[in-house]
Amino acid sequence: MTVVTSHRSPEVAGTAYHPAAGGHGIAVEIDKFNLWYGKSQALFDVSLAIEKRMVTALIGPSGCGKSTLLRALNRMNDLIDGVRITGKIAIGPQDILDRGTDVIQLRKRMGMVFQKPNPFPMSIFDNVVYPLRVDGVRDRRLLVETCEQALKSAALWEEAKDRLYESALSLSGGQQQRLCIARAIAGNPEILLMDEPCSALDPMATSRIEELIDGLKADYTIVIVTHNMQQAARVSNNTAFMYLGRLIEYGDTDGIFTNPTEAQTLAYVTGRFG
């Protein structure tokens, strides 16, 4: 992925960033997106294009707007009182911020994985097929097939296949997070949103999740928020550095970490602040 020719910070240049030709195409186009919590502005004119079937990492210090931007992609910020937005977020031809958008259908297109594993207090099987049952699927064979496929995709099948009807809460933390990923993909989303998915896990479990992310990008567009710069460097194709609600720099991950254009990016990735 390449960055637009301007070397100025995005908030100065006001330019949308696009991948180079020959990639997988654009999954999400964000254009001059602003968000306020009441009178406090959290995001300022954010513009970037997220590539299909790639991993895009959002990095930056705490409070910089990473998670707010991530939650904007499935309209979760709508659940917060006093939120106001301007700009555009498009998935294909659809502006998801349009008042006519069916938010329930939008969220079905977006699998969401949170910081801490949040399995439901039910069996492993029932956790995985929960999205299908919410949609009214009652075909037992389809539920069983979907459960197996989702657990295999989440690299959990071998560990869980003989425990499908045990409580999901009996799994280890790392297994629970992989279960949550299986549940997220069981609904056949287009995009996986991951908000610090390894922050509550030990190094071994983190490594398993990172391997899983690398495999899943063949089938899904993945956007991951992480405070861990080493993790961003390991798992992502493209990286967006955010600071104080602004997109400072966005491009190929190797370039962001080894040859950033912006002085703020260089200071952050070399550990001078953050």
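Placed above this text is the structure.
Values in this document were obtained by computation on a predicted structure and should not be read as measured data.

Asker: Please clarify how the overall build of the chain should be interpreted in this entry.
Answerer: Tallying secondary structure elements over the chain gives 12 helices and 10 strands in all. Here the chain has a C-alpha radius of gyration of 19 Å; the compact-globule value for 274 residues is 19 Å, and the two agree. Its C-alpha atoms give the chain principal-axis dimensions of roughly 55 × 40 × 40 Å. Expressed as a percentage of the 274 residues in the chain, the buried residues total 51%. The contacts in the chain between residues at least 6 apart in sequence include a share of 67% that link residues at least 24 apart. For the chain, the accessible area works out to roughly 12600 Å², and carbon and sulfur atoms hold 50% of it. Taking the 29 positively charged and 31 negatively charged side chains of the chain as two groups, their mean positions are separated by 4 Å.

Asker: Is there a simple way to explain the pairing of strand β10 (residues 246-252) in this structure?
Answerer: β10 sits mainly inside the fold: five of its seven residues count as buried. As paired elements, strand β9 (residues 238-243) and β10 share six bridges and run antiparallel to each other. Of the residues in β10, the one forming a bridge with F241 is E249. The turn linking β9 back onto β10 is made up of two residues, and L244 within it adopts a positive phi angle of 50 degrees.

Thresholds applied
- Residues numbered from 1 in each chain as written.
- Predicted model: local features only at pLDDT ≥ 70, side-chain atom pairs only at ≥ 80, totals over all residues.
- Heavy atoms only, no water.
- Helix = DSSP H or I, 4+ residues; strand = E, 2+ residues; numbered from the N terminus.
- Rg over C-alpha atoms; globule rule 2.2 N^0.38 Å.
- Buried < 20%, exposed > 50% of the residue type's maximum accessible area, 1.4 Å probe, protein only.
- Contact = heavy atoms within 4.5 Å.
- Areas by Shrake-Rupley, 256 points an atom, 1.4 Å probe, with all protein chains shown as cover.
- Lys, Arg positive; Asp, Glu negative; His and termini not counted.
- Charge placed at Lys NZ, Arg CZ, Asp CG, Glu CD.
- Pairing = 2+ DSSP bridges.

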